[in-house]
Amino acid sequence: MDFTTFLLSSAQPGYASSIQVIADRWRHFGVVAALDGVDDPTLFPRTLDWVASQPDQDAQTLQILEDLSALSWWRGPEISDAVARQIGEVSAPIFDRIAAALRRDQLSRTTRETARRRHILMVGALLGPLHSPSRGAVDYAAALCLDPDIVEIRVCHSNDLEPGLQAYIRARLGPDLAAGRVQFVNIDRRPDFLTAILAHGGGAFHFWCERPMSPYVTLLSWLGPTLMFTCGDERPYQYADVYWYYHDRSRMMAHWAARGLPPALAANYVEMASGPFHAESPTAPRPRSSLDAPDDAVVIATVGNRLGVDMDAAYLNGMEQTLQASPHALWLVVGALPEGLRNACAQVLGRQFRHVPYETDLPALLGAADIFSNPFRRGGGASATFALGSGAILLTLDQGDVACLAPPDHRAASTDVYFRHLSALVGDPAHRRAWRETQQSYYATRIEQTAAMRGLMSLVDCAYDRYAARLDAALRGAA
(Lines give C-alpha, C1' and ligand atoms only; values in the text may rest on other atoms or scores of the structure.)
Protein backbone atom coordinates (compact mmCIF):
# COMPACT_ATOMS: atom_id res chain seq x y z
CA MET A 1 0.00 0.00 0.00
CA ASP A 2 1.53 3.34 -0.98
CA PHE A 3 1.58 6.23 1.48
CA THR A 4 -1.34 8.19 0.02
CA THR A 5 -3.55 5.11 -0.03
CA PHE A 6 -2.56 4.40 3.58
CA LEU A 7 -3.55 7.90 4.72
CA LEU A 8 -6.81 7.88 2.77
CA SER A 9 -7.81 4.42 3.99
CA SER A 10 -8.78 5.92 7.36
CA ALA A 11 -9.98 9.32 6.11
CA GLN A 12 -13.24 10.46 7.63
CA PRO A 13 -16.01 11.36 5.16
CA GLY A 14 -15.44 14.83 3.78
CA TYR A 15 -11.73 14.99 4.62
CA ALA A 16 -10.17 12.96 1.81
CA SER A 17 -9.26 15.95 -0.34
CA SER A 18 -7.56 17.73 2.58
CA ILE A 19 -5.59 14.58 3.47
CA GLN A 20 -4.59 14.24 -0.19
CA VAL A 21 -3.09 17.75 0.00
CA ILE A 22 -0.99 16.70 3.00
CA ALA A 23 0.20 13.53 1.24
CA ASP A 24 1.22 15.53 -1.84
CA ARG A 25 2.99 18.15 0.28
CA TRP A 26 4.92 15.51 2.23
CA ARG A 27 5.97 13.85 -1.01
CA HIS A 28 7.32 17.20 -2.20
CA PHE A 29 9.16 17.74 1.09
CA GLY A 30 10.70 14.27 0.90
CA VAL A 31 8.98 12.90 4.01
CA VAL A 32 7.20 10.08 2.21
CA ALA A 33 10.43 8.42 1.11
CA ALA A 34 11.32 7.88 4.78
CA LEU A 35 7.94 6.39 5.75
CA ASP A 36 7.90 3.13 3.81
CA GLY A 37 5.84 0.51 5.67
CA VAL A 38 4.53 2.98 8.23
CA ASP A 39 1.32 2.18 10.14
CA ASP A 40 -0.88 4.16 12.54
CA PRO A 41 1.21 3.51 15.69
CA THR A 42 4.43 4.55 13.94
CA LEU A 43 3.15 7.34 11.66
CA PHE A 44 3.75 10.28 13.99
CA PRO A 45 6.98 9.10 15.70
CA ARG A 46 8.67 8.24 12.40
CA THR A 47 7.60 11.53 10.84
CA LEU A 48 9.02 13.43 13.79
CA ASP A 49 12.26 11.48 13.60
CA TRP A 50 12.59 12.55 9.96
CA VAL A 51 11.79 16.18 10.85
CA ALA A 52 14.49 16.15 13.53
CA SER A 53 17.00 15.06 10.88
CA GLN A 54 16.31 18.17 8.77
CA PRO A 55 18.01 21.18 10.41
CA ASP A 56 17.47 24.76 9.27
CA GLN A 57 14.07 24.00 7.74
CA ASP A 58 11.90 25.98 10.17
CA ALA A 59 9.00 26.82 7.84
CA GLN A 60 8.84 23.27 6.51
CA THR A 61 8.98 21.82 10.01
CA LEU A 62 6.14 24.00 11.30
CA GLN A 63 4.02 23.00 8.32
CA ILE A 64 4.59 19.29 8.96
CA LEU A 65 3.79 19.72 12.66
CA GLU A 66 0.59 21.52 11.66
CA ASP A 67 -0.24 18.61 9.35
CA LEU A 68 0.21 16.12 12.21
CA SER A 69 -2.40 17.98 14.23
CA ALA A 70 -4.80 17.95 11.28
CA LEU A 71 -4.28 14.24 10.61
CA SER A 72 -5.02 13.40 14.23
CA TRP A 73 -8.47 14.99 13.83
CA TRP A 74 -9.23 13.93 10.25
CA ARG A 75 -8.14 10.29 10.30
CA GLY A 76 -6.39 9.50 13.60
CA PRO A 77 -4.57 8.34 15.58
CA GLU A 78 -4.72 10.71 18.52
CA ILE A 79 -1.54 12.48 19.50
CA SER A 80 -0.15 10.60 22.49
CA ASP A 81 1.65 12.18 25.43
CA ALA A 82 4.97 10.94 24.03
CA VAL A 83 4.28 12.43 20.60
CA ALA A 84 3.15 15.72 22.16
CA ARG A 85 6.42 15.90 24.09
CA GLN A 86 8.37 15.24 20.89
CA ILE A 87 6.44 17.93 19.00
CA GLY A 88 7.25 20.37 21.80
CA GLU A 89 10.95 19.49 21.66
CA VAL A 90 11.04 20.06 17.90
CA SER A 91 9.01 23.28 17.83
CA ALA A 92 10.34 25.13 20.89
CA PRO A 93 13.74 26.10 19.34
CA ILE A 94 11.95 27.42 16.24
CA PHE A 95 9.72 29.73 18.28
CA ASP A 96 12.74 30.83 20.32
CA ARG A 97 14.46 31.85 17.08
CA ILE A 98 11.37 33.77 15.92
CA ALA A 99 11.25 35.69 19.21
CA ALA A 100 15.00 36.36 19.17
CA ALA A 101 14.78 37.93 15.71
CA LEU A 102 12.57 40.73 17.04
CA ARG A 103 14.23 44.02 18.01
CA ARG A 104 12.43 44.34 21.32
CA ASP A 105 14.07 47.67 22.14
CA GLN A 106 12.38 49.15 19.06
CA LEU A 107 8.88 47.82 19.77
CA SER A 108 6.12 50.19 20.83
CA ARG A 109 4.65 49.34 24.22
CA THR A 110 0.92 48.63 24.37
CA THR A 111 -0.61 50.56 27.26
CA ARG A 112 -3.06 49.04 29.73
CA GLU A 113 -5.80 51.39 28.54
CA THR A 114 -5.24 50.36 24.90
CA ALA A 115 -5.27 46.68 25.84
CA ARG A 116 -8.63 47.13 27.55
CA ARG A 117 -10.17 49.19 24.74
CA ARG A 118 -8.83 47.46 21.60
CA HIS A 119 -8.96 43.70 21.01
CA ILE A 120 -7.58 41.57 18.21
CA LEU A 121 -9.02 38.05 17.87
CA MET A 122 -6.79 35.67 15.92
CA VAL A 123 -9.21 32.89 14.99
CA GLY A 124 -7.70 30.81 12.18
CA ALA A 125 -9.88 29.62 9.30
CA LEU A 126 -13.57 30.56 9.40
CA LEU A 127 -15.56 27.91 7.54
CA GLY A 128 -19.28 28.07 8.37
CA PRO A 129 -21.95 28.38 11.07
CA LEU A 130 -21.86 24.65 11.90
CA HIS A 131 -18.06 24.69 12.28
CA SER A 132 -17.54 24.99 16.04
CA PRO A 133 -14.43 27.25 15.94
CA SER A 134 -16.07 29.56 13.38
CA ARG A 135 -19.28 29.94 15.34
CA GLY A 136 -17.31 30.37 18.55
CA ALA A 137 -15.20 33.17 17.06
CA VAL A 138 -18.37 35.17 16.43
CA ASP A 139 -19.68 34.43 19.91
CA TYR A 140 -16.35 35.50 21.45
CA ALA A 141 -16.62 38.89 19.73
CA ALA A 142 -20.25 39.19 20.87
CA ALA A 143 -19.24 38.62 24.50
CA LEU A 144 -16.57 41.33 24.32
CA CYS A 145 -19.13 43.71 22.82
CA LEU A 146 -20.97 43.66 26.15
CA ASP A 147 -18.23 45.89 27.57
CA PRO A 148 -19.24 49.45 26.59
CA ASP A 149 -15.68 50.73 27.03
CA ILE A 150 -14.29 48.61 24.20
CA VAL A 151 -13.98 50.74 21.08
CA GLU A 152 -12.69 48.19 18.55
CA ILE A 153 -12.66 44.43 18.02
CA ARG A 154 -10.84 43.04 14.99
CA VAL A 155 -11.51 39.42 14.10
CA CYS A 156 -8.52 38.33 12.01
CA HIS A 157 -9.24 35.16 10.05
CA SER A 158 -8.39 33.08 7.00
CA ASN A 159 -10.86 32.15 4.19
CA ASP A 160 -13.63 34.21 2.69
CA LEU A 161 -16.81 34.30 4.77
CA GLU A 162 -19.46 32.02 3.29
CA PRO A 163 -23.13 33.19 3.24
CA GLY A 164 -24.34 31.11 6.18
CA LEU A 165 -21.62 32.43 8.45
CA GLN A 166 -22.22 35.98 7.25
CA ALA A 167 -25.86 35.59 8.30
CA TYR A 168 -24.79 34.36 11.74
CA ILE A 169 -22.39 37.29 12.10
CA ARG A 170 -25.17 39.76 11.26
CA ALA A 171 -27.54 38.08 13.72
CA ARG A 172 -25.04 38.18 16.59
CA LEU A 173 -23.14 41.40 15.86
CA GLY A 174 -25.39 43.47 13.60
CA PRO A 175 -25.33 46.92 15.30
CA ASP A 176 -21.66 46.69 16.31
CA LEU A 177 -20.75 45.52 12.82
CA ALA A 178 -22.64 48.39 11.19
CA ALA A 179 -20.99 50.91 13.51
CA GLY A 180 -17.53 49.57 12.69
CA ARG A 181 -16.90 48.58 16.29
CA VAL A 182 -16.38 44.98 15.11
CA GLN A 183 -14.43 44.33 11.92
CA PHE A 184 -13.65 41.03 10.20
CA VAL A 185 -10.25 41.07 8.49
CA ASN A 186 -9.29 38.32 6.05
CA ILE A 187 -5.53 38.14 6.54
CA ASP A 188 -5.17 36.07 3.36
CA ARG A 189 -6.24 39.18 1.46
CA ARG A 190 -4.71 41.70 3.89
CA PRO A 191 -1.16 40.52 4.66
CA ASP A 192 -0.49 44.02 6.03
CA PHE A 193 -3.26 43.64 8.62
CA LEU A 194 -0.83 44.31 11.49
CA THR A 195 0.00 47.77 10.18
CA ALA A 196 -3.43 49.14 11.03
CA ILE A 197 -3.37 47.45 14.45
CA LEU A 198 0.02 48.89 15.35
CA ALA A 199 -1.01 52.32 14.08
CA HIS A 200 -3.55 52.42 16.93
CA GLY A 201 -0.99 51.34 19.52
CA GLY A 202 -1.65 47.60 19.49
CA GLY A 203 -4.16 46.04 21.87
CA ALA A 204 -4.93 42.76 23.60
CA PHE A 205 -4.41 39.70 21.40
CA HIS A 206 -6.80 36.78 21.83
CA PHE A 207 -6.07 33.40 20.22
CA TRP A 208 -9.21 31.38 19.57
CA CYS A 209 -8.62 28.06 17.78
CA GLU A 210 -5.68 29.62 15.97
CA ARG A 211 -3.37 27.11 14.29
CA PRO A 212 -1.10 25.70 17.01
CA MET A 213 2.04 26.32 14.94
CA SER A 214 1.11 29.77 13.64
CA PRO A 215 4.16 32.06 14.07
CA TYR A 216 1.74 34.89 14.83
CA VAL A 217 1.26 33.50 18.34
CA THR A 218 4.92 34.11 19.20
CA LEU A 219 5.29 37.31 17.19
CA LEU A 220 2.25 39.01 18.69
CA SER A 221 3.26 38.08 22.22
CA TRP A 222 5.86 40.87 21.96
CA LEU A 223 3.37 43.42 20.63
CA GLY A 224 0.85 43.20 23.47
CA PRO A 225 -0.69 40.96 26.13
CA THR A 226 -1.85 37.58 24.81
CA LEU A 227 -4.70 35.29 25.85
CA MET A 228 -5.13 31.77 24.46
CA PHE A 229 -8.25 29.62 24.66
CA THR A 230 -7.15 25.99 25.07
CA CYS A 231 -9.44 23.29 23.72
CA GLY A 232 -9.44 19.54 23.24
CA ASP A 233 -7.23 19.04 26.31
CA GLU A 234 -4.31 19.83 23.99
CA ARG A 235 -1.21 21.48 25.35
CA PRO A 236 -0.12 24.79 23.85
CA TYR A 237 3.19 24.84 22.01
CA GLN A 238 3.75 28.60 22.19
CA TYR A 239 3.84 31.17 24.96
CA ALA A 240 0.76 33.16 25.99
CA ASP A 241 0.42 35.39 29.03
CA VAL A 242 -2.83 33.62 29.88
CA TYR A 243 -4.22 30.25 28.84
CA TRP A 244 -7.86 29.72 29.79
CA TYR A 245 -10.80 27.36 29.79
CA TYR A 246 -13.34 25.90 32.25
CA HIS A 247 -11.17 23.03 33.46
CA ASP A 248 -9.75 22.89 36.98
CA ARG A 249 -6.29 24.47 37.10
CA SER A 250 -4.54 21.63 38.92
CA ARG A 251 -5.99 19.14 36.46
CA MET A 252 -4.69 21.07 33.46
CA MET A 253 -1.22 21.55 34.92
CA ALA A 254 -0.92 17.81 35.60
CA HIS A 255 -2.25 16.91 32.15
CA TRP A 256 0.06 19.35 30.38
CA ALA A 257 3.04 18.19 32.41
CA ALA A 258 2.48 14.69 31.02
CA ARG A 259 2.51 16.20 27.53
CA GLY A 260 5.74 18.07 28.08
CA LEU A 261 4.63 21.66 28.65
CA PRO A 262 7.20 23.44 30.84
CA PRO A 263 5.81 24.26 34.31
CA ALA A 264 6.51 27.97 33.86
CA LEU A 265 4.12 28.05 30.90
CA ALA A 266 1.51 25.76 32.45
CA ALA A 267 1.38 28.13 35.43
CA ASN A 268 -0.20 30.75 33.15
CA TYR A 269 -3.46 28.74 32.99
CA VAL A 270 -6.55 30.39 34.50
CA GLU A 271 -9.84 28.61 35.14
CA MET A 272 -12.95 30.48 33.97
CA ALA A 273 -16.42 29.98 35.46
CA SER A 274 -18.23 31.38 32.41
CA GLY A 275 -17.22 31.62 28.77
CA PRO A 276 -18.29 33.29 25.51
CA PHE A 277 -20.49 30.42 24.35
CA HIS A 278 -23.88 31.28 22.90
CA ALA A 279 -26.79 29.11 24.00
CA GLU A 280 -29.20 28.58 21.13
CA SER A 281 -32.44 26.91 22.10
CA PRO A 282 -34.58 25.35 19.35
CA THR A 283 -37.36 27.57 18.07
CA ALA A 284 -39.36 24.51 16.99
CA PRO A 285 -38.12 21.18 18.42
CA ARG A 286 -38.61 18.23 16.09
CA PRO A 287 -41.45 15.90 17.00
CA ARG A 288 -40.56 12.30 17.83
CA SER A 289 -42.57 11.25 14.82
CA SER A 290 -39.92 12.78 12.54
CA LEU A 291 -37.56 10.07 13.77
CA ASP A 292 -40.14 7.32 13.43
CA ALA A 293 -39.71 6.82 17.17
CA PRO A 294 -42.37 5.29 19.45
CA ASP A 295 -43.84 7.62 22.05
CA ASP A 296 -42.19 5.72 24.88
CA ALA A 297 -38.74 5.56 23.24
CA VAL A 298 -35.72 7.00 25.01
CA VAL A 299 -33.73 8.77 22.28
CA ILE A 300 -29.94 8.79 22.69
CA ALA A 301 -28.21 11.21 20.31
CA THR A 302 -24.57 11.27 19.19
CA VAL A 303 -23.33 14.08 16.93
CA GLY A 304 -20.03 14.76 15.19
CA ASN A 305 -18.10 15.55 12.01
CA ARG A 306 -15.50 12.81 12.56
CA LEU A 307 -17.48 10.02 14.15
CA GLY A 308 -15.43 7.29 12.48
CA VAL A 309 -12.48 8.50 14.58
CA ASP A 310 -14.44 9.63 17.64
CA MET A 311 -16.40 6.41 18.16
CA ASP A 312 -13.76 3.84 19.12
CA ALA A 313 -14.34 0.11 19.74
CA ALA A 314 -14.98 0.57 23.47
CA TYR A 315 -17.67 3.16 22.77
CA LEU A 316 -19.36 1.16 20.01
CA ASN A 317 -19.35 -2.06 22.06
CA GLY A 318 -20.82 -0.29 25.07
CA MET A 319 -23.56 1.32 22.99
CA GLU A 320 -24.45 -2.03 21.43
CA GLN A 321 -24.71 -3.73 24.82
CA THR A 322 -26.78 -0.89 26.28
CA LEU A 323 -29.23 -0.88 23.39
CA GLN A 324 -29.62 -4.64 23.39
CA ALA A 325 -30.47 -4.50 27.09
CA SER A 326 -32.94 -1.62 26.52
CA PRO A 327 -35.32 -2.41 23.65
CA HIS A 328 -37.18 0.88 24.21
CA ALA A 329 -34.01 2.93 23.53
CA LEU A 330 -33.20 4.38 20.13
CA TRP A 331 -29.77 5.64 19.01
CA LEU A 332 -29.77 8.72 16.76
CA VAL A 333 -26.38 9.28 15.10
CA VAL A 334 -25.96 12.65 13.36
CA GLY A 335 -22.99 13.20 11.05
CA ALA A 336 -21.16 11.45 8.25
CA LEU A 337 -20.17 7.83 8.90
CA PRO A 338 -17.82 5.57 6.97
CA GLU A 339 -20.00 3.24 4.91
CA GLY A 340 -18.77 0.09 6.64
CA LEU A 341 -19.51 1.47 10.10
CA ARG A 342 -22.94 2.72 9.09
CA ASN A 343 -23.89 -0.63 7.58
CA ALA A 344 -22.63 -2.54 10.63
CA CYS A 345 -24.68 -0.36 13.01
CA ALA A 346 -27.79 -0.76 10.89
CA GLN A 347 -27.36 -4.54 10.67
CA VAL A 348 -26.63 -5.15 14.36
CA LEU A 349 -29.04 -2.61 15.88
CA GLY A 350 -31.88 -2.70 13.35
CA ARG A 351 -34.82 -0.49 14.32
CA GLN A 352 -32.91 0.94 17.27
CA PHE A 353 -30.54 2.82 14.95
CA ARG A 354 -31.23 6.07 13.08
CA HIS A 355 -28.66 7.90 10.98
CA VAL A 356 -28.89 11.52 9.81
CA PRO A 357 -25.84 12.24 7.61
CA TYR A 358 -26.14 16.03 7.86
CA GLU A 359 -28.38 18.41 9.76
CA THR A 360 -28.51 22.20 9.39
CA ASP A 361 -30.71 22.79 12.46
CA LEU A 362 -29.09 20.78 15.23
CA PRO A 363 -30.93 22.52 18.12
CA ALA A 364 -34.27 21.52 16.62
CA LEU A 365 -33.20 17.93 15.97
CA LEU A 366 -31.67 17.54 19.41
CA GLY A 367 -34.93 18.81 20.89
CA ALA A 368 -36.24 15.31 20.13
CA ALA A 369 -33.44 13.66 22.16
CA ASP A 370 -33.49 12.64 25.81
CA ILE A 371 -29.76 11.99 26.23
CA PHE A 372 -26.72 13.37 24.42
CA SER A 373 -24.07 10.65 24.43
CA ASN A 374 -20.65 12.17 23.87
CA PRO A 375 -18.10 9.69 22.46
CA PHE A 376 -14.71 9.27 24.08
CA ARG A 377 -13.15 12.24 22.32
CA ARG A 378 -11.37 15.53 22.99
CA GLY A 379 -13.77 17.77 21.05
CA GLY A 380 -17.54 17.94 20.67
CA GLY A 381 -18.18 21.09 22.66
CA ALA A 382 -20.48 22.82 20.17
CA SER A 383 -22.82 19.86 19.72
CA ALA A 384 -22.92 19.39 23.50
CA THR A 385 -23.99 23.01 23.97
CA PHE A 386 -26.73 22.55 21.36
CA ALA A 387 -27.91 19.45 23.23
CA LEU A 388 -27.96 21.18 26.62
CA GLY A 389 -29.72 24.18 25.11
CA SER A 390 -32.34 21.81 23.71
CA GLY A 391 -32.94 20.20 27.12
CA ALA A 392 -31.12 16.92 26.56
CA ILE A 393 -29.07 15.26 29.31
CA LEU A 394 -25.33 15.29 28.74
CA LEU A 395 -23.32 12.10 29.28
CA THR A 396 -19.54 12.32 28.98
CA LEU A 397 -16.29 10.94 30.24
CA ASP A 398 -14.21 13.22 32.45
CA GLN A 399 -11.99 14.32 29.55
CA GLY A 400 -11.95 16.77 26.67
CA ASP A 401 -13.99 19.90 26.03
CA VAL A 402 -17.37 18.43 26.91
CA ALA A 403 -16.44 17.26 30.42
CA CYS A 404 -16.45 20.75 31.91
CA LEU A 405 -20.01 21.38 30.65
CA ALA A 406 -21.35 18.72 33.02
CA PRO A 407 -21.37 18.89 36.84
CA PRO A 408 -18.36 17.08 38.31
CA ASP A 409 -20.38 14.17 39.70
CA HIS A 410 -22.02 13.63 36.29
CA ARG A 411 -18.67 13.04 34.59
CA ALA A 412 -17.79 9.38 34.19
CA ALA A 413 -14.35 8.40 35.42
CA SER A 414 -14.17 5.31 33.17
CA THR A 415 -15.97 3.61 30.31
CA ASP A 416 -17.62 1.19 32.75
CA VAL A 417 -19.00 4.07 34.81
CA TYR A 418 -20.11 5.82 31.62
CA PHE A 419 -22.30 2.93 30.52
CA ARG A 420 -23.62 2.36 34.02
CA HIS A 421 -24.77 5.99 33.97
CA LEU A 422 -26.30 5.50 30.52
CA SER A 423 -28.21 2.38 31.54
CA ALA A 424 -29.54 4.10 34.65
CA LEU A 425 -30.68 7.14 32.66
CA VAL A 426 -32.34 5.04 29.98
CA GLY A 427 -34.17 2.95 32.56
CA ASP A 428 -35.46 5.58 34.99
CA PRO A 429 -37.46 8.71 34.00
CA ALA A 430 -37.10 10.17 37.51
CA HIS A 431 -33.32 9.80 37.29
CA ARG A 432 -33.37 11.63 33.95
CA ARG A 433 -35.43 14.47 35.42
CA ALA A 434 -33.04 14.88 38.34
CA TRP A 435 -29.96 14.95 36.10
CA ARG A 436 -31.61 17.36 33.68
CA GLU A 437 -32.47 19.86 36.43
CA THR A 438 -28.96 19.75 37.89
CA GLN A 439 -27.30 20.09 34.50
CA GLN A 440 -29.45 22.99 33.36
CA SER A 441 -28.57 24.96 36.49
CA TYR A 442 -24.85 24.20 36.07
CA TYR A 443 -24.89 25.03 32.37
CA ALA A 444 -26.64 28.37 32.97
CA THR A 445 -23.57 29.54 34.91
CA ARG A 446 -21.19 28.41 32.17
CA ILE A 447 -22.93 30.46 29.49
CA GLU A 448 -23.78 33.63 31.44
CA GLN A 449 -22.47 36.19 29.00
CA THR A 450 -22.08 39.23 31.21
CA ALA A 451 -20.00 37.11 33.59
CA ALA A 452 -18.03 35.82 30.60
CA MET A 453 -17.26 39.36 29.46
CA ARG A 454 -16.12 40.37 32.94
CA GLY A 455 -14.02 37.24 33.16
CA LEU A 456 -12.33 37.97 29.84
CA MET A 457 -11.54 41.53 30.89
CA SER A 458 -10.06 40.22 34.13
CA LEU A 459 -7.87 37.93 32.03
CA VAL A 460 -6.79 40.93 29.94
CA ASP A 461 -5.62 42.70 33.11
CA CYS A 462 -3.74 39.59 34.25
CA ALA A 463 -2.17 39.17 30.81
CA TYR A 464 -1.15 42.82 30.73
CA ASP A 465 0.68 42.57 34.04
CA ARG A 466 2.64 39.57 32.76
CA TYR A 467 3.31 41.23 29.40
CA ALA A 468 4.64 44.40 31.03
CA ALA A 469 6.85 42.45 33.42
CA ARG A 470 8.48 40.32 30.74
CA LEU A 471 8.93 43.25 28.36
CA ASP A 472 10.68 45.19 31.11
CA ALA A 473 12.86 42.15 31.88
CA ALA A 474 13.77 41.76 28.20
CA LEU A 475 14.71 45.40 27.88
CA ARG A 476 16.86 45.26 31.04
CA GLY A 477 18.59 42.19 29.63
CA ALA A 478 19.31 43.99 26.37
CA ALA A 479 20.71 47.06 28.09
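Residues numbered from 1 in each chain as written. Predicted model: local features only at pLDDT ≥ 70, side-chain atom pairs only at ≥ 80, totals over all residues. Heavy atoms only, no water.

Asks: Please clarify how helix α15 (residues 339–349) should be interpreted in this entry.
Replies: One full turn of an α-helix is made of 3.6 residues, so residues set three or four places apart face in the same direction. When α15 is considered as a whole, its buried residues turn out to be Leu341, Cys345 and Leu349. The buried residues of α15 occupy one face: seen down the axis, they fall within an arc of 35°. Of the residues in α15, the exposed ones pointing more than 90 degrees away from the buried face are Glu339, Gly340 and Gln347. Buried positions along α15 lie against α13 (307–310), α14 (313–325), β9 (329–334) and β10 (353–356). Looking at the residues trailing α15, positive phi occurs at glycine 350, about 55°. (Buried < 20%, exposed > 50% of the residue type's maximum accessible area, 1.4 Å probe, protein only. Helix = DSSP H or I, 4+ residues; strand = E, 2+ residues; numbered from the N terminus. Arc of directions from axis to C-beta. Contact = heavy atoms within 4.5 Å.)

Asks: Where do I start with the pairing of strand β2 (residues 152–158) in this structure?
Replies: A regular strand carries its side chains on alternate faces of the sheet. Within β2, 7 of the 7 residues are buried, which leaves it mostly tucked inside the rest of the structure. With 6 bridges joining them, strand β1 (residues 118–125) and β2 adopt parallel strand pairing. Bridging across to β2, isoleucine 120 finds its partner in arginine 154. Tracing the backbone out of β1, into helix α7 (residues 132–144) and back to the parallel element β2 gives a crossover that is right-handed. Alignment of β2 against strand β3 (residues 182–186), held across 5 bridges, turns out to be parallel. Within β3, the position partnered with histidine 157 by the bridge is asparagine 186. (Pairing = 2+ DSSP bridges. Right-handed = clockwise from strand over helix to strand, strands pointing away.)

Asks: Even after reading the chapter, I still don't get helix α3 (residues 40–52), so can you show me in this structure?
Replies: Here α3 has its buried residues at Leu43, Phe44, Thr47, Leu48, Trp50 and Val51. Mapping the buried residues of α3 onto a view down its axis gives an arc of 160°, with all of them on the same face. Projecting away from the buried face of α3 at angles above 90 degrees are the exposed residues Pro41 and Ala52. On its buried side, α3 packs onto α1 (3–9), α2 (16–29), α4 (58–74) and α5 (81–100).

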